[in-house]
Amino acid sequence: MSEPRPLRGLQLDRVVLLGRTFAEYCGYFLLKPEEWRGKRVLDVAGGVSSFTAEANEAGIHAVSVDPIYSMSRDEIARRSGPDLDQVIAGVSGLPTYVWTAYRDPEHVRELRQRAVARFLEDSSKNPQRYVAGAVPELPFGDRQFDLSLVSYLLFAYDRNFSYEFHRDALLELMRVTRGEARIYPTVNFEAEPSRFVERLKGDPACVDFCFEIVPTDFEFLVGSNRFLRVSHRG
């Protein structure tokens, strides 16, 4: 029996709190803000990202859902700092990252800190935009959102979460979404295409969905220049 190949990517034993900006989301998901003004958009596992704050400023009716929103803002702030330090230290020098979207690790840190600060400000002023909850049981009604976004949870953490979790999460996403869901990236932290993408496409439970891999021009984690678009058939 051959020895398992050593892991070469970022090693995380749980989902970390990282703040990502509206501009980064636009890169991940090919979002054109003018196309979504007046629409309802859900950011799943939004964490300490500033997407929801900035999207609402742009006229998009965005809501974020994450289990951390049951915590106080002070607790969230205390946890996000060490998580950022862990990831910055972890990605430096890894062959699974390309430094074209960002200048260097300190540029990443700058953006993450800016996003966290904006999140903390907005969640204080507009707490109704931040709902405690998680897939696969979201606290929303059927087909409530025009667009649902998931970044760096499904597929990225496919070593942490089972296929069944991914399937049930997708079914729940599509329950609350009347338009489409976009999941980014389609590779895991080893920069390998997630084995769960093809399984979902062939799963009888997902027969009512259309799947499309959409290329983007944003890449940090190697191979992360695409997302999965899922929509309802018919």
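Refer to the structure above for everything that follows.
Cut-off values and rules
- Residue numbering note: each chain is counted from 1, following its sequence as written.
- Since the coordinates come from a predicted model, pLDDT governs what is reported: local features require at least 70, and pairs of side-chain atoms require 80 or more to be given and counted, while whole-chain, interface and lining totals use all residues.
- In computing side-chain properties, one takes all heavy atoms of the structure into account and sets aside hydrogens as well as water.
- Numbering of helices and strands starts at the N terminus; helices are DSSP runs of H or I of at least 4 residues and strands are runs of E of at least 2.
- Note on classification: 1.4 Å probe, protein chains only; a residue is buried when its accessible area is under 20% of the maximum for its type, exposed when over 50%, partly exposed between these limits.
- In protein, a polar contact means a hydrogen-donor-capable atom and an acceptor-capable atom, both N or O and within 3.5 Å, with residues adjacent in sequence counting only if both atoms are side-chain atoms; elsewhere, any N or O pair within 3.5 Å suffices.
- Contacts: residue pairs with any heavy atoms within 4.5 Å of one another.
- Classification of ring pairs rests on two measures: the distance between centres of Phe, Tyr or Trp rings, Trp counted by its six-membered ring, which must be within 6.5 Å, and the angle between planes, read as stacked under 30 degrees, edge-to-face over 60 and tilted in between.
- Salt bridges, as used here, are contacts in which a Lys or Arg side-chain nitrogen is within 4 Å of a carboxyl oxygen on Asp or Glu.
- Between any two strands, pairing holds if DSSP finds at least two bridges.
- Looking down the strands as they point away from you, a crossover is right-handed if its path from the first strand over the helix to the second goes clockwise.

1. A few points about the side chain of E172
So, point 1. Among the structural elements, E172 can be located in helix α6 (residues 163–176).
So, point 2. Taking the relative accessible area as the measure of exposure, E172 reaches 11% and is therefore buried.
So, point 3. From its side chain, E172 meets the backbone nitrogen of L138 in a polar contact 2.7 Å long.
So, point 4. Ignoring any residue separated from it by four or fewer positions in sequence, one finds E172 in contact with P136, E137 and L138.

2. Digging into the packing of aromatic side chains
So, point 1. Evaluation of the coordinates by the stated rule reveals 24 aromatic pairs.
So, point 2. When the centroid spacing of 4.4 Å and the interplanar angle of 10° are considered together, the rings of Y28 and Y184 count as stacked. Note that Y28 is positioned in helix α1 (residues 22–29) and Y184 in strand β5 (residues 177–184), a separation of 156 residues in sequence. Here the two residues Y28 and Y184 agree in accessibility, since each one is buried.

3. Quick notes on the pattern of salt bridges
So, point 1. The tally for this structure, following the rule as stated, stands at 20 salt bridges.
So, point 2. Linking D85 and R109 is a salt bridge whose minimum nitrogen-to-oxygen distance equals 2.8 Å. Placement of D85 in helix α4 (residues 73–91) and of R109 in helix α5 (residues 105–125) is noted, with a sequence separation of 24 residues between them.
So, point 3. The residue E121 makes a salt bridge to K125 at a minimum N-O spacing of 3.2 Å. In this pair, E121 and K125 both sit in helix α5, four residues apart, roughly one turn of the helix.
So, point 4. The exposure class of K125 is exposed, given its relative accessible area of 59%.

4. Some words on the pairing of strand β1 (residues 40–44)
So, point 1. Here β1 lies mainly inside the structure; four of its five residues are buried.
So, point 2. Bridge count between β1 and strand β2 (residues 61–65): five bridges; the pairing is parallel. Residue V44 lies in a different strand from β2, and its bridge partner there is V65.
So, point 3. You can see the chain leave β1, run along helix α3 (residues 51–57) and come back into β2, and the turn it takes is right-handed.
So, point 4. Sheet analysis places β1 next to strand β4 (residues 145–151), joined by four bridges and oriented parallel. Across the sheet, the residue bridging to V41 is L147, located in β4.

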